[in-house]
Amino acid sequence: MSWFNYFGLVAVAIILIPNIIIAIIDKGAFENRYTNKVIIVLEQIGRYGCMVFMVFNIPYTYFDFWLDSALTVYLIVNGALLVLYILGWIIFRKEQSAVKMLWLSIVPTALFLFSGIMLVSVPLIIFAIIFGIGHITTSYKNSQ
């Protein structure tokens, strides 16, 4: 894979689409009631870091796929995670539950972490862990 990951760009776009639609339809949908500044900053740093490193492979920070047929595995697993993410938006569209919030935070975290591991992208793995800690915590706390 070259320095630009088209598959990663598509994955990030698919994750963003329902978020943008909800933000337009329901202006108050993303109200953040959790006020721990450290966790919120970690979430944002992780979010933007994951988006950048899903799309851009910086030389000497990633080592490309590490097994035979890795691109196929990468596409199948990421495709399944994206389907699960979209299904989560559809299934839980009317709810504001902890299950919904955890579903919509754990699935993208898994996608970013899996992608980082498959590509052996050190920055993506680090940002996915940071994102997971921040996003899952914030989502769960906001659901209570």
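Small disclaimer: the values here were computed from a predicted structure and weren't measured. (Residues numbered from 1 in each chain as written. Predicted model: local features only at pLDDT ≥ 70, side-chain atom pairs only at ≥ 80, totals over all residues. Heavy atoms only, no water.)

Re unusual backbone geometry
Outside of glycine, negative phi angles account for most residues, and trans bonds account for most peptide bonds.
Reasoning step 1: Within the chain, Y60 stands out as a residue other than glycine whose phi angle is a positive 70°.
Reasoning step 2: As for its position among the elements, Y60 is in the loop between α2 (37–55) and α3 (70–91).
Reasoning step 3: Residue Y60 is classed as exposed on the basis of its relative accessible area of 79%.
Reasoning step 4: With a phi angle near 60°, S69 is a residue other than glycine that sits in the positive phi range.
Reasoning step 5: When you line up the elements, S69 lands in the loop between α2 and α3. (Helix = DSSP H or I, 4+ residues; strand = E, 2+ residues; numbered from the N terminus. Buried < 20%, exposed > 50% of the residue type's maximum accessible area, 1.4 Å probe, protein only.)

Quick look at the environment of I21
Reasoning step 1: Here I21 shows up in helix α1 (residues 6–25).
Reasoning step 2: Residues I21 and R93, 72 residues apart in the sequence, show an inter-C-alpha distance of 12 Å.

As for the packing of aromatic side chains
Reasoning step 1: Under the definition given, this model contains eight aromatic pairs.
Reasoning step 2: Judged by centre distance (5.9 Å) and plane angle (10°), the ring pair of W3 and F56 falls under stacked. Within this pair, whereas W3 is found in the segment before α1, its partner F56 is found in the loop between α2 and α3, the two being separated by 53 residues in sequence.
Reasoning step 3: Looking at W3, the relative accessible area reads 54%, which means it is exposed.
Reasoning step 4: Among the residues examined, F56 registers a relative accessible area of 31% and is labelled partly exposed.
Reasoning step 5: Where F112 meets F131, the ring centres are 5.5 Å apart and the plane angle is 75°; that geometry is what we call edge-to-face. With F112 in helix α4 (residues 98–119) and F131 in helix α5 (residues 122–143), this residue pair connects regions lying 19 residues apart in the sequence.
Reasoning step 6: Residue classification places F112 among the buried residues on the basis of a relative accessible area of 4%.
Reasoning step 7: We classify F131 as buried; its relative accessible area is 3%.
Reasoning step 8: Taken together through their ring pairs, the aromatic side chains of W3, F4, Y6 and F56 make up a single cluster. (Phe/Tyr/Trp six-rings, centres within 6.5 Å; stacked < 30°, edge-to-face > 60°.)

Some points on the packing of α4 against α5
Reasoning step 1: Interhelical geometry of α4 versus α5 gives an angle of 180° and a closest axis separation of 9 Å. One way to sum up the angle between α4 and α5 is to call them roughly antiparallel.
Reasoning step 2: Across the contact of α4 with α5, the residue classes break down as 16 nonpolar, eight polar and no charged. (Axes fitted to C-alpha atoms, helices over the stretch in contact; angles between N-to-C directions. Parallel < 35°, antiparallel > 145°, perpendicular 65-115°, else oblique. Nonpolar A, V, L, I, M, F, W, Y, C, P; charged D, E, K, R; others polar.)

Things to note about α2
Reasoning step 1: Taking 1.5 Å per residue as the helical rise, α2 with its 19 residues ought to reach 27 Å, and the 27 Å between its terminal C-alpha atoms agrees with that figure.
Reasoning step 2: Taken together, the buried positions of α2 are I39, I40, E43, G46, G49, C50, M51, F53, M54 and V55.
Reasoning step 3: Buried residues in α2 make contact with α1, α3, α4 and α5.
Reasoning step 4: A side-chain oxygen of the first residue of α2 lies 3.1 Å from the backbone nitrogen of V38; this N-cap is N36. (Expected span 1.5 Å × (residues − 1). Contact = heavy atoms within 4.5 Å. Polar contact = N/O pair within 3.5 Å; in protein donor to acceptor, adjacent residues only side chain to side chain.)

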